[in-house]
Amino acid sequence: MDSSNPPADYKNTLNLPQTPFPMKANLPQREPEILEDWRRMDLYARIREQSAGRPKYILHDGPPYANGKLHMGHVLNKVLKDIVIKNRQMAGFDAAFVPGWDCHGLPIEHEVDKQLGGKKKDMSKAQIRRECRAYAARFVEVQRREFMRLGVLGDWFNPYLTMDYSYEAATVAEFAEFYRRGSVYRSKKPIYWCNSCRTALAEAEVEYDDHLTPSIYVAFPLEDSLADLNSSLKDLALSAVIWTTTPWTIPSNLGIALHPEFSYGVYVHAGKGYILADELAPACLERFAFSGAERLCSLNPQDLEGRKARHPFYDRSSLLLLASYVTLDAGTGLVHTSPGHGREDYESGLKYGLEVYAPLDDGGRYTEEVGFFAGQEVFAANPAIIAKLKETGALLAGGEIRHSYPHCWRCKKPVIFRATPQWFISMEKNGLRAKALEAINQEVTWLPRWGQERIRGMIENRPDWCISRQRYWGVPITVFKCGQCRKTTLTPAMAEKIVAAFHRDGADAWFTRSPEEILGPDLCRCQHCGSGDLSKEEDILDVWFDSGVSQAAVLARRPELAWPCDLYLEGSDQHRGWFHSSLLCSIGARDRAPYQAVLTHGFVVDGNGRKMSKSLGNVIQPEDMEKRYGADILRLWVAAEDYTDDVRLSDNHMRQLSEAYRRVRNTMRFLLGNLEGFDPDKNMLPFASLSAMDQFMLHRLEEFKARLAKAYEEMAFHVVYHSLHNFCGVDLSGFYLDVVKDALYTLAPDSPRRRAVQTVLYFLADALVRLMAPVLAFTAEEVWRLLPGRETDSVHMALFSPPRPQWLNPDLARDWQRLLALRAEVNKALEQARKNRVLGNSLDARLLVSSPPLAGFIAANLKNLEEICMVSQIELLPALADPTWRSQDTEDLSFKIEASRLPKCPRCWKRREGAGEDGLCPACREAVSGF
C-alpha cells in the first residue's frame with residue numbers, strides 16, 4: 001500500500017514507521033562520533049574481556065612502514081584484516097588484533113638525512129638514530145589515527161614497533177639462535193648493491209623496471225694457439241667474442257664462459273678468426289657487418305676449457321671456462337665473466353679459482369687500481385669504457401637495448417651486483433631451504449592457491465640471504481670481532497648479555513657502550529683464542545630480518561596471541577617480502593612455519609586499471625574519500641571487490657557503491673521504523689503461529705545466514721557484499737517488505753497478524769545488523785543502538801545469530817518459489833495494464849487467471865497469491881476468452897486484468913465487499929476499533 005497522503009480522518013489510525021535512524025547517512029560527520037563512543041567505552045578492551053576462554057583466532061599484522069600518510073593500498077589491506085577479525089570474533093572466537101609498524105631501515109634514514117643536511121657529519125651514530133626514532137614515532141601516530149578512522153578495531157595504544165626495546169632485544173635473540181645453529185657466516189661474494197643508498201640490498205628490496213643500457217660485442221684475443229686442435233688455426237689471430245649489456249663490468253673481467261654441450265666454430269673475416277656459437281653466428285656476423293665471413297672449422301668447448309684470452313685493455317689473462325648457465329637466447333654463446341659482479345660468475349670463479357674481484361667503493365666508483373676509469377661511477381663510466389674498447393680495436397659492434405633491470409626499491413635507481421664482505425644466512429646449512437619448502441607444501445594453506453607456487457619457486461631458486469646493511473638505523477649484527485685471531489665470536493652467554501642490555505636501553509646500547517660494558521670483564525673474551533681484544537660489528541641487520549622475526553617477537557611473547565598464528569594477510573608483493581622472510585626466520589630458529597594460512601590481495605589501481613602515481617595524476621587519497629563518502633563506503637569498496645586480483649577505484653566506483661549502500665541503509669531503516677513499540681520478550685510469536693509466507697521468509701533468512709557464514713569463513717567478502725545487497729533488494733524490498741506493508745500499517749498495533757510480521761522483521765533486523773557489522777562497522781553500530789532487545793552495548797561485542805535449522809522447510813520453499821514465479825508474471829501483466837491505462841495502482845485490479853496445468857496449485861494458494869500480488873481481487877477460471885497477457889515462460893498461463901468495480905476503502909485503498917457507511921472495509925473497521 002502507498003501510505004502517502006492517507007485521508008486525514010484515518011491518518012492517526014495508521015502505524016506509520018517511526019525511527020530516529022535517519023535516511024541520510026551523513027557518514028563523514030556521524031562516524032567520528034561513533035569512534036568517540038568506542039573510545040569512551042574502551043570497546044576493544046571490553047571485547048577482549050568478554051572473549052576470555054574462547055578458542056583463539058589470530059591474524060598477525062604485517063607492519064606497514066612508518067614513513068608517511070596512508071595510501072589506498074593501506075586502506076585495502078587494513079580493512080580486509082578488520083573484516084576478517086570482526087567476522088571471526090562474531091563467529092565465536094577470541095580474535096585479538098595487535099597492529100604493528102616497521103620502524104627501522106633506509107627510507108626513514110634517508111628522510112632524516114635530508115632533514116639533517118650538513119649537520120649529520122658532526123653527529124654520532126647514536127644521535128642520528130635518535131632522530132630516526134623520533135621521525136618513525138611521529139608517523140606511527142599519524143597512521144594510527146588514520147587507521148582508527150577507518151573503524152579498524154585493535155590494540156592501537158599497545159601495538160608492536162620494531163624499534164621498541166623489547167622487540168629489538170627479541171630480534172638479536174633470534175639472530176643469536178641462527179648464529180648458534182651455525183647458519184650465519186661472513187663472506188665476500190656478489191650481492192645487490194645500491195650506489196645511491198650505499199648499501200647492500202636483499203632480493204625483496206629490488207624491483208624490476210625497464211632500463212636503457214649499452215649493448216656491446218667485444219673481442220678478447222686468445223693468448224694460446226689452437227693449432228693443436230686444428231692445423232688450419234696455425235698463425236691465425238683468434239678472438240673469443242662476448243656480448244654484454246654492462247660495459248662497466250669489463251674492467252673486472254677474469255673469465256669467458258662457454259656451454260660444454262653447444263656447437264662452436266671459428267669464423268674468419270679480414271684475416272682474423274672469431275669464436276662464436278654456431279647457432280648465433282649468422283646474426284652476430286651481420287651485426288658486425290662481416291660480409292663474406294666464412295666458417296673455418298668447429299671447436300669442441302671441452303677442448304677450450306683452461307685456455308686463456310687477453311683482457312682488451314689490461315695486462316692480464318681471461319680464463320676460458322665451462323658453465324651450464326650459458327644460453328643461446330641472445331649474444332654470442334660466450335659469456336663475459338666477472339666473479340665480483342654476478343652470482344653465476346661468482347660460482348664459476350669459485351670453481352676455477354678466480355679472484356672475487358670488484359674494484360669499487362661504496363658509491364659505485366672505480367678504485368685507483370682500475371687505472372683508466374678511477375673515480376668514475378660505473379654507469380657514468382660506460383661511454384669511456386666503450387671508447388677504450390674502440391680504441392684498442394676490441395669493439396666489434398655497439399648499440400642500446402631496453403630491458404628489465406633491477407632497481408632499488410627506495411631510490412628507484414638501477415643497482416649493481418658487487419662483491420663485498422657481507423653477512424649471510426645459509427639456505428643449505430641445517431636444511432633451511434628443504435624445511436621451508438616442506439612447510440610451504442605441507443603446513444600452510446595458500447589463498448589463492450597460486451601463492452604456493454610463487455613462494456615455492458622463490459625459495460627453490462633464492463641464493464643465501466644477505467642480512468647485512470651498511471647503514472645506521474636498525475638492529476645491529478651483534479657479533480664481536482677478535483683483534484688477535486681475526487675470527488668472529490658470539491656465544492649463548494654473550495647473547496644473553498646483549499639481549500639484557502637491549503631490553504634496558506634498546507639497540508642504541510650497541511653504539512654507546514664498549515664490548516666490556518655490554519658483556520662484563522668475564523665474558524669479554526674471544527671464544528677461539530681467549531683474547532680480550534674484541535670490537536663490535538658495525539653493519540646492521542636487513543630490515544626484512546627485523547620484520548621477519550615479528551612472529552617470535554610478538555606472536556610468541558604476547559599472551560593474548562598465539563604462535564603459530566592462523567593467518568598472514570598482505571599484498572602479493574610479500575611473497576618475496578614479509579611472507580618470505582617470516583618463513584625463513586621461523587623455520588631457521590623454530591623449525592616450522594609461523595602461519596597456518598596466507599592470504600594475498602592485489603594492488604589498488606585506478607578505474608582504467610592503471611597503477612596510481614603522482615605523475616599520472618590519478619592518486620586518490622583516503623582522507624578525501626572519507627570526507628566525501630565516509631569510511632563505511634570505503635569499507636564497502638574493500639568488501640565488494642575480488643581482492644585476489646588488482647582492485648579498481650574511481651569516483652564512479654564510489655558513486656555506485658554509495659547507491660548500493662543506500663539500498664541497504666533504507667532496508668534497515670524500514671525494519672527499525674516498523675519495529676517501533678515491539679518488545680521481543682513480550683510481543684514475539686512462536687514460529688508455528690506464523691503464516692506460510694512468514695515462515696518462507698525465515699527459511700530464506702536461514703539460507704542467507706548460512707551463505708554469508710560460509711563466505712566469511714572462506715574470506716570471499718565480495719560474496720558477502722553481493723549477497724547482502726541482493727537480499728535487501730530482492731528478497732526484502734522487492735518482495736516481503738513490500739507485501740507486508742499493509743499488515744504493518746493498517747492492522748491494529750497488537751493484532752496477531754501484525755505481531756507475526758514484526759516477529760519476522762525482528763529476526764531479519766537482528767541477523768542483518770550482525771552480518772553486516774564486519775563490513776559496515778559504523779552503520780551496523782547505528783542500527784544496533786536502535787534495535788529492540790539488543791543484549792550488548794555494541795554490535796561488535798555480539799555474535800552472529802545462531803543457526804536455526806528448524807526454520808528450514810524445503811517443501812514450503814519450493815511452493816513459494818512457484819508462487820514468486822507466478823507473481824513475476826502477474827507483475828508483467830500489471831505493468832502492461834498500466835501502460836494501457838486500464839488502471840493505476842495494482843490495488844485497483846481485478847485479476848483473472850487461467851492455467852489448467854497449475855489450476856490445483858493456484859486454487860490452493862489463491863489468498864497467498866492475492867496478498868503477494870497486492871491486488872484486491874483474484875479469480876481462477878478454466879479459460880480466458882480474451883486474455884490481456886500470455887506468459888512466454890510458462891505454458892498455458894494467461895491473465896486478464898480489469899479495473900475492479902468494488903468500493904475503495906479510504907484507509908487501506910483496497911477494493912473490498914462489505915464496506916459500511918463510513919466506506920471502510922471490514923478489516924479496517926476492525927482495526928480502527930482497536931486503536
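Each chain has its residues counted from 1, following the order in which its sequence is written. Thresholds applied to this predicted model are a pLDDT of at least 70 for local features of residues and 80 or more for the giving and counting of side-chain atom pairs; totals over whole chains, interfaces and linings are not thresholded and use all residues. As a rule here, side-chain values cover all heavy atoms of the structure and leave hydrogens and water aside.

### Focus on the overall build of the protein
Quick reminder of the rule: Think of it this way: any DSSP run of H or I at least four residues long counts as a helix, any run of E at least two long counts as a strand, and we number them from the N terminus. Only C-alpha atoms enter the radius of gyration, while the globule expectation follows 2.2 Å times N to the 0.38, with N the number of residues. In this description, contact between two residues means that some pair of their heavy atoms is separated by no more than 4.5 Å. What sets the accessible areas is the Shrake-Rupley method with a 1.4 Å probe; for residues, cover comes only from the shown protein chains. In this tally, Lys and Arg are treated as positive and Asp and Glu as negative; His is ignored, and so are the chain termini. By convention, the point assigned to a charge is CZ for Arg, NZ for Lys, CD for Glu and CG for Asp.
A tally of helices and strands in the protein yields 31 helices and 31 strands. Relative to a compact globule of 931 residues, whose C-alpha radius of gyration would be 30 Å, the protein shows 38 Å and is clearly more extended. In terms of overall dimensions, the protein has C-alpha extents of about 125 × 80 × 45 Å along its principal axes. Taking the contacts inside the protein whose residues are at least 6 apart along the sequence as the reference set, 78% of them involve residues at least 24 apart. Accessible surface, the protein as shown: approximately 38200 Å² in total, 48% of it carbon and sulfur. In the protein, the 115 positive side-chain charges and the 121 negative ones have mean positions that sit 3 Å from each other.

### Considerations on the confidence of the model for the protein
Detailed reading of the predicted coordinates is not advisable wherever pLDDT falls low. Put simply, the rule reads: Values of pLDDT, ranging from 0 to 100, describe the predictor's confidence in every residue of the model.
When pLDDT is averaged along the protein, the result is 92; 99% of the residues meet or exceed 70. Here residues 1–8 is a poorly scored stretch, pLDDT under 50, and it has 17 contacts once near neighbours within four places are set aside; other chains count.

### Observations regarding the packing of helix H2 (residues 27–41) against helix H27 (residues 777–786)
Rules: Axes, fitted as lines to C-alpha atoms, cover a helix only where it is in contact. Angles between the N-to-C directions of the axes lie from 0 to 180 degrees. Any angle between 65 and 115 degrees counts as roughly perpendicular, while under 35 counts as roughly parallel, over 145 as roughly antiparallel, and the rest as oblique. The nonpolar class holds Ala, Val, Leu, Ile, Met, Phe, Trp, Tyr, Cys and Pro. Asp, Glu, Lys and Arg form the charged class, and all remaining residues, Gly among them, are polar.
The geometry of H2 relative to H27 is characterised by a closest axis approach of 10 Å and an angle of 70° between their N-to-C directions. Our classification of the angle between H2 and H27 gives roughly perpendicular. Residues Leu27, Arg30, Glu31, Ile34, Leu35, Asp37 and Trp38 of H2 pack against Ala777, Phe778, Thr779, Glu781, Glu782 and Arg785 of H27. Residue composition of the contact of H2 with H27, by class: six nonpolar, one polar and six charged.

### Topic: the pairing of strand S8 (residues 255–258)
Looking down a regular strand, the side chains alternate between one sheet face and the other. Quick reminder of the rule: Think of it in three bands: with a 1.4 Å probe and only protein chains considered, a residue is buried below 20% of the maximum accessible area for its type, exposed above 50%, and partly exposed in between. Strand pairing follows a simple DSSP-based rule, namely that at least 2 bridges must link the two strands.
Where burial is concerned, the two faces of S8 agree: the one with Gly255 and Ala257 and the one with Ile256 and Leu258 are both buried. Examined bridge by bridge, S8 and strand S13 (residues 317–322) share four bridges and lie parallel to one another. Within the sheet, the bridge partner assigned to Gly255 lies in S13 and is Leu319. Examined bridge by bridge, S8 and strand S14 (residues 334–337) share four bridges and lie antiparallel to one another. Paired with Ile256 across the bridge in S14 is His336.

### So, the environment of Lys120
With respect to the helices and strands, Lys120 occurs in the loop between helix H5 (106–116) and helix H6 (125–149). Distance in space between the C-alpha atoms of Lys120 and Asn461 is 40 Å, their sequence separation being 341 residues. The residues contacting Lys120, other than those within four sequence positions of it, are Glu109, Asp113, Ile128, Arg471 and Tyr472.

### Some points on the sheet that holds strand S7 (residues 237–244)
Adjacent strands of a sheet pair through backbone hydrogen bonds, lying either parallel or antiparallel. Pairing is mixed across the open sheet formed by six strands, whose spatial order is S11-S9-S10-S7-S6-S15. A strand with exactly one partner marks an edge of an open sheet, and here the two such strands are strand S11 (294–299) and strand S15 (395–408). If you compare each strand with its neighbour and ignore which way they point, the axes differ by 25° on average. Here S7 pairs with strand S10 (residues 272–277) via four bridges, running parallel. Bridged to Leu238 within S10 is Gly273. Against the sheet, helix H11 (residues 378–392) touches strand S6 (206–221) and S15, its axis set at about 15° to S6.

### As for H27
Counting buried positions along H27 yields eight of ten residues, so the element is predominantly enclosed. Taken together, the buried positions of H27 are occupied by Ala777, Phe778, Thr779, Ala780, Glu781, Glu782, Val783 and Trp784.

### Observations regarding the packing of aromatic side chains
Here is the rule: Ring geometry is summarised as follows: Phe, Tyr and Trp rings, the Trp one being its six-membered ring, pair when their centres sit within 6.5 Å, and such pairs are stacked at plane angles under 30 degrees, edge-to-face over 60 and tilted between the two.
Taken as a whole, this structure holds 40 aromatic pairs when the rule is applied. Judged by centre distance (5.6 Å) and plane angle (15°), the rings of Tyr712 and Phe800 are stacked. In this pair, Tyr712 sits in helix H24 (residues 692–713) while Phe800 sits in the loop between H27 and helix H28 (810–835), placing the two residues 88 residues apart along the sequence. The class of Phe800 is buried, set by a relative accessible area of 15%. Of the aromatic side chains, those joined through ring pairs into one cluster are Tyr217, Trp243, Tyr274, Phe288 and Phe290.

### A closer look at the pairing of strand S16 (residues 416–425)
Within S16, nine of the ten residues are buried, leaving the element largely enclosed by the surrounding structure. As paired strands, strand S4 (residues 184–194) and S16 are joined by ten bridges and run antiparallel to one another. Its bridge partner lying in S16, Ile191 is registered against Arg418. In this sheet, strand S18 (residues 465–466) lies alongside S16 in antiparallel orientation, the contact comprising two bridges. For Ile425, the partnering residue across the bridge sits in S18 and is Trp465.

### Things to note about the sheet that holds strand S17 (residues 445–447)
Ordered by their spatial adjacency, four strands build an open sheet running S1-S24-S25-S17, and the pairing between neighbours is parallel. Both outer strands of the open sheet, strand S1 (59–60) and S17, are each paired with one neighbouring strand and no more. Pairing geometry for S17 and strand S25 (residues 597–601), over three bridges, is parallel. Within the sheet, the bridge partner assigned to Trp446 lies in S25 and is Val598. Here helix H4 (residues 72–90) sits on the sheet and contacts S1, strand S24 (567–571) and S25; the angle it forms with S24, its principal contact strand, is near 155°.

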